[in-house]
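# Examination of the molecular architecture
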Amino acid sequence: MSLPGSLCANKGRILVVEDEMIVARDIAQQLVALGYQVVGHATRGQEAIDLAGALQPELVLMDIQLAGAMDGIAAAQAIRLQFLLPVVFITAFAADEVLARAKLTEPFGYILKPFSERELRTVLEMALYKHQADSQARDAARHTQAILDGMVDGVITLNAQGLITSINQAVSTLFGYAPEELLGHNVAMLMPSPHRSLHGGYLRRHQHTGAGCAMGQGREVDGQRRDGSVFPISVSVSELMHNGQTQFIGLVHDITQRRRSEENIYRLAFYDKLTGLPNRRLLMDRLKQALITSTRTGQHGALILLDLDHFKQINETFGLDAGDELLQQVGQRLPTCVRDDDTVSRFGGDEFMVMLEALSSQPQEAAIQAEAIAQKILLALAQPYRLRGHTHGTTPSIGVVMFRQAQVSLDDLLKMTDVAMYQAKAAGRNTVRFFDPALQALALARTALEENLRRGLALQEFVLHYQIQVDHQGLPTGAEALLRWQHPVRGMVPPAQFIPLAEETGFILPLGQWVLESACRQLVAWSHQRATGSWTLAVNVSALQFAQPDFVAHVTSALQATSANPTLLKLELTESMLVGDVQDVITKMNALKAQGVSFALDDFGTGYSSLSYLKRLPLDQLKIDQSFVRDLLINPNDAVIAQTIVALGHNLGLQVIAEGVETVGQHDYLASIGCDAFQGYYFGRPVPAAELACLLKQIRP
Ligand SMILES: Nc1nc2c(ncn2[C@@H]2O[C@H](COP(=O)(O)O[C@H]3[C@@H](O)[C@H](n4cnc5c(=O)[nH]c(N)nc54)O[C@@H]3COP(=O)(O)O)[C@@H](O)[C@H]2O)c(=O)[nH]1
C-alpha cells in the first residue's frame, strides 16, 4: 500500500512505522500537509529496520505496538544502534513499564495518540533539530578524534576515579593495547610499579589537597607497555570540568629517543670511546666529590696514575689497531683490581687513572692499602696479552698520591700523580712510586715560573742588554744581545734561570722571536748614528728555535718588519744544534746567508764538533768559550785549546772571537795568538742600549 508522498519535501524525510493502515494513512497525510516527505511505510519491526537502512530517512515515526514478534521499541533500538537515526514513538500506550523500556532507546520524542497536528509538528521539529545538532556534534567529535589520532603524542582522558574515558590512536600504539582494553579501565595499568599501586592514592590526595605531581608541566616518568616493558614518557595532566564532572586530560610523549640521545651525549662526554671507561672529565667530577666526602668522613683516598711502558713501540711495530686492542685489554683488567665503588678511567693515550675511595683514616694504613692495589694492578697488567693472534707483554709505571680533605687543588693533585709516575719511570719502569713532596715543590715552582714567563712576555718585562765586542785594535765592532727578565718581585733575572725551562716548554719560540725583533729594532736605531752605524749585533738562537721548519721565514719577517740591514745581524748557534740533521742546518744557514745574515758558533770547544761538517757549515765566526779564557794564564791546557781554536778557525777561513775576557793579560795573550775579536767584562758588561753610549767613551783601546 502506498501512503501519500509529499507536496513540499523540504522539511524532512520520514519513515512511518504503523501496522494499522488507516492510522498510517492519516499520519502520512498530516505529515505531508506539514511539509514533510514520507519516504516509506513499514508495518513490522524487521521491515522498519530494513527500510531505515535502505531509505536512510531523517527520522522514523514509530508505533510501539506492531504486528509480529518485534515491537516498535525493539525496532527503534536496532535502528538507533545501526543507523544512528532519530526515532519518535507514536503510541497509545503510556504505561510506566512501556515508557521505561522506550526510554532506553533514547527516543527523540514520544507522542501519545490521539494527538493534534500542532503536537505532531512540534515534536517532529524538535526531534529533527536535535538530530541535526547531534549529527553536527558527532561530526565535530569525529573531526577532533581524527586530529587526535593523527597526533604522535598520546591523549588520554580520565574521570575523577582515574578510569580511562577516551584515548587517541597514539596511546594504543605507545602502550600496545587495543582501545577496548583500555577504555573504562584504570589508567594505573599503564604505569610500572610502584606507581601502579600508588596512583589511586595520588588521585585521592589531589582531590583533597589539590596537589598533583603531574599536573601542569610535563613530568618525566616511566610508562609500562602491555608486554611489560617499561619506557620513559613525559606526561602533562590538566584538569577540567565536563558535564559537572571532574575530568583529567593527560598528554603522553614518548621520550625514549630523546633519552637515548641524551645518554649518547653523556656517554660521549664522560666515557672513553675505546675502552668504555670513564674519561678524564668524569674522573675529575668524581674526584671533586671524593674530596668532599673524605673531608666529611676523614677517610683517605688515593689517585693511581699508570702509564704503559714503551707503548709507543707497540703502536709503531704492530700498528695502531694492536695498540688500541692492548688499551682495551688493559681497560678490562683494571676494574678487576679494584672495588666497584672505585673509579677506573682512561686519561688519554696510554694513561689510566684509578681513584680509590674510603681507605683507612690512618695515613700509614691507607698508604699500605693503596700500595697493595697498585701492586695488584702491576701484576695484573704484567700478564701476557693476546693481540692479533700474538702474545705480547707490557708493564706500567705507576704513580700514587694519597689524598684526604680538599686541601690541595684538583690540578695540583693531578700534577702530583704525574710527578710520582715519572719517578716510577725514572726508577726503571714497571714499578710503583708514591708522590714525593720535595719533587712536587720543584714541579710547582717550575709551573709557577712557566706561567710567570708567559705573563712576563705579555707585560713586556723582558729587556735586552748589549755587551760590546771589539776588534784586535780594541775598536768596537758591535755587540751581543743578552736577554734579561725584569721581574716585578725578583728583580733582574739572568737568563740561566729561565732559558732552560723556556726551551723545555717551547716558550723559547715566542720569546726568541721577540728577541730577534727587538735586536733588529736596535740595529736600525744604531744605523742612524755615525759611531754605531756599521755595528753588527749577535743574537743567540736556541736549538728549538732553529729547528722550526719556518725558522728562516721567522728571521726574514723580523728583518722585514723592522727594515734592519741583514748584513749586520749575526746569529749565534751552538754546537748542540749540529748533532741532528746537519743538512737541514746547512740549508737554513745558506738561505739566511743569501740575505746577508752571518753566523757565529758559540761556546766553541765545549761540545761535540765534527771537523768534517764544521767545514761544510757556512759559518763566519768561532767563539772561544769563556771557560777556556778564564784560566788561560794559569792553565796551559786552556792556553793550548785557545791557540788550537784560533788556528782551526783561521784554517777554515773563519774569524775567531773570545768571550769572557776579563783582564788585560787574557786579552794580550789572546791577541798574541791571533784572536781577531774580544768580548768580556774587560771591555764592558752587558748593559741596556742607553748605557752603551756612555760606555763607548770609556772603552779601553
Ligand atoms: N737562546 C737565547 N739564549 C740567551 C739569550 N740571552 C742570553 N742567552 C744565554 O743565556 C746564557 C747566560 O747568558 P748571560 O747570563 O747573559 O751571560 C752572558 C754574559 O753576560 C756572560 N759574560 C760576558 N762577559 C763575561 C765575562 O767577562 N765574564 C763572565 N763571567 N761572564 C761574562 O757570558 C754570557 C755570554 O753568553 P754567550 O756569549 O751567548 O755564550 C748564555 O748561554 C747565553 O747564550 C737569548 O736571547 N736567547
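Residues numbered from 1 in each chain as written. Predicted model: local features only at pLDDT ≥ 70, side-chain atom pairs only at ≥ 80, totals over all residues. Heavy atoms only, no water.

### Examining the overall build of the chain
Let me state the cut-off plainly: A run of H or I in DSSP becomes a helix once it reaches four residues, and a run of E becomes a strand once it reaches two; helices and strands are each numbered from the N terminus. Think of it in three bands: residues with accessible area under 20% of the maximum for their type are buried, residues over 50% are exposed, and the middle band is partly exposed, with areas taken using a 1.4 Å probe on protein chains only. We call two residues contacting when some pair of their heavy atoms lies within 4.5 Å. All accessibility values rest on the Shrake-Rupley procedure with a 1.4 Å probe; residue burial counts only the protein chains present in the view.
Helix and strand content of the chain: 25 helices and 26 strands. In the chain, which comprises 701 residues, the proportion classed as buried is 45%. Sequence separation of at least 24 residues holds for 61% of the intrachain contacts in the chain that already meet a minimum separation of 6. Roughly 34600 Å² of accessible area belongs to the chain as shown, and the carbon and sulfur atoms make up 54% of that amount.

### Overview of the sheet that holds strand β13 (residues 351–359)
The strands making up a sheet are joined through hydrogen bonds of the backbone, oriented either antiparallel or parallel. Selection criterion: For two strands to pair, DSSP has to find at least two bridges joining them. Where helices are involved, their axes are fitted lines through C-alpha atoms of the stretch in contact, as for all axes, and angles between N-to-C directions lie from 0 to 180°.
Overall, mixed pairing links the five strands, which are arranged β12-β13-β11-β16-β17 in an open sheet. Pairing within the sheet leaves two strands with one partner each, and these edge strands are β12 (343–348) and β17 (432–434). This sheet shows a mean twist of 20° between the axes of neighbouring strands, independent of strand direction. With seven bridges connecting them, strand β11 (residues 300–308) and β13 associate as antiparallel partners.

### Thoughts on helix α12 (residues 320–333)
Here is the rule: Each helix should span, by expectation, one fewer than its residue count multiplied by 1.5 Å.
Here α12 contains 14 residues, and its C-alpha end-to-end distance of 20 Å stays within 8% of the 20 Å for a straight helix at 1.5 Å per residue. The elements touched by buried residues of α12 are β11, α11 (311–318), β12, β13, α13 (363–382) and β14 (385–387).

### Overview of the packing of helix α10 (residues 280–297) against helix α14 (residues 410–426)
Here is the rule we go by: Note on angle classes: values under 35 degrees are labelled roughly parallel, values over 145 roughly antiparallel, values of 65 to 115 roughly perpendicular, and the remainder oblique. Helix crossings are classified by the rotation of the near helix relative to the far one: an anticlockwise turn of less than a right angle makes the crossing left-handed, while a clockwise turn makes it right-handed. Throughout this entry, Asp, Glu, Lys and Arg are counted as charged residues, while Ala, Val, Leu, Ile, Met, Phe, Trp, Tyr, Cys and Pro are counted as nonpolar. The remaining residues, Gly among them, count as polar.
Contact pair α10 / α14: the axes reach a minimum separation of 11 Å and the direction vectors enclose 110°. Considered as vectors, α10 and α14 are oriented roughly perpendicular to each other. Handedness of the α10/α14 crossing: right-handed. Across from R280, M284, L287, K288 and L291 in α10, the residues of α14 making contact are L410, L413 and L414. Here the contact of α10 with α14 is composed, by residue class, of six nonpolar, no polar and two charged.

### A look at the site of the ligand
Here is the rule we go by: In this text, near means that some heavy atom of the residue lies within 4 Å of the molecule or strand in question. N or O atoms within 3.5 Å of each other form a polar contact, as long as, within protein, one can give a hydrogen and the other can take it, and as long as residues adjacent in sequence are counted only when both atoms are side-chain atoms.
Near the ligand there are 22 residues, and of these Q467, R484, Q626, E659 and E662 occur at the shortest range. Between the ligand and the protein, one listed contact pairs an oxygen atom with a side-chain N or O atom of Q626 at 2.7 Å. Contact between the ligand and Y681: an oxygen atom at 2.9 Å from a main-chain N or O atom of the residue. Coverage of the ligand by the protein amounts to 82% of the 810 Å² it exposes when considered alone. Mapped by element, the contributors of at least two residues to the shell around the ligand are β19 (476–487) and β23 (598–604). Element by element, the count of residues in the shell around the ligand is highest for β19, at four residues. Of the residues in the shell around the ligand, the class split is eight nonpolar, six polar and eight charged.

### Some words on the pairing of strand β9 (residues 230–242)
Sheet topology places strand β8 (residues 219–224) next to β9; six bridges connect them, and they run antiparallel. Its bridge partner being in β9, E220 is matched across the sheet by S234. Here β9 pairs with strand β10 (residues 245–254) via ten bridges, running antiparallel. Residue pairing for β10: V237 is matched across the bridge by G250.

### Observations regarding the pattern of salt bridges
Rule in force here: Whenever Lys or Arg places a side-chain nitrogen within 4 Å of a carboxyl oxygen from Asp or Glu, that contact is recorded as a salt bridge.
Summed over all chains, the structure comprises 25 salt bridges. For E18, the salt bridge is made with K113, and the minimal N-O distance between the two is 2.8 Å. One end of the pair, E18, is in the loop between β1 (13–17) and α1 (21–33); the other, K113, is in the loop between β5 (109–112) and α5 (117–150), and 95 residues separate them in sequence. Across the pair K312 and E316 runs a salt bridge whose closest N-O atoms are separated by 3.9 Å. Taken together, the positions of K312 and E316, both in helix α11 and four residues apart, correspond to about one turn of that helix. With a relative accessible area of 60%, K312 lands in the exposed category. Bridged by salt links that share partners, the residues E220, R258, R259 and E262 form one connected network.

### Here's the deal with the environment of V585
Within the secondary structure, V585 is located in helix α20 (residues 582–593). Taking relative accessible area as the criterion, V585 reaches 4% and is therefore assigned buried. In this structure the C-alpha to C-alpha distance between V585 and P618, which are 33 residues apart in sequence, comes to 9.7 Å. When residues no more than four places from it in sequence are discounted, the contact partners of V585 are F546, M577, L578 and L617.

### So, the UniProt feature "modified residue: 4-aspartylphosphate" (unreviewed entry) in the chain
Counted only if it meets this: UniProt positions are given in the numbering used here, feature names are shortened, and annotations may be inferred rather than shown by experiment.
The UniProt record marks D63 with the feature "modified residue: 4-aspartylphosphate" (unreviewed entry), using the residue numbering of this structure. Residue position: D63 is located in the loop between β3 (59–62) and α3 (72–83). Once residues within four sequence positions are removed from consideration, D63 is found in contact with V17, E18, D19, G72, I90, T91 and K113.

### So, the packing of aromatic side chains
Basically, it comes down to this: Stacked, tilted and edge-to-face are the three classes applied to pairs of Phe, Tyr and Trp rings, where Trp contributes its six-membered ring and a pair requires centres within 6.5 Å; stacked means planes under 30 degrees apart, edge-to-face means over 60, and tilted covers the rest. A ring has a charge above it when a Lys NZ or an Arg CZ is no more than 6 Å from the ring centre and no more than 35 degrees off the ring normal.
Within the structure shown, the criterion is met by twelve aromatic pairs. These aromatic residues form a ring-pair network of at least three members: Y266, F270 and Y271. Looking at R685, its charged tip hangs above the ring of Y681, at a distance of 3.8 Å from the centre.

### Quick look at the packing of helix α2 (residues 45–55) against α3
In the contact formed by α2 and α3, the axes pass within 9 Å of each other and the chain directions differ by 20°. Between α2 and α3, the angle is such that the two are roughly parallel. For the pair α2 and α3, the sense of crossing is right-handed. Only A75, A78, I79, Q82 and F83 of α3 make contact with α2, whose side of the interface consists of G45, A48, I49, A52 and G53.

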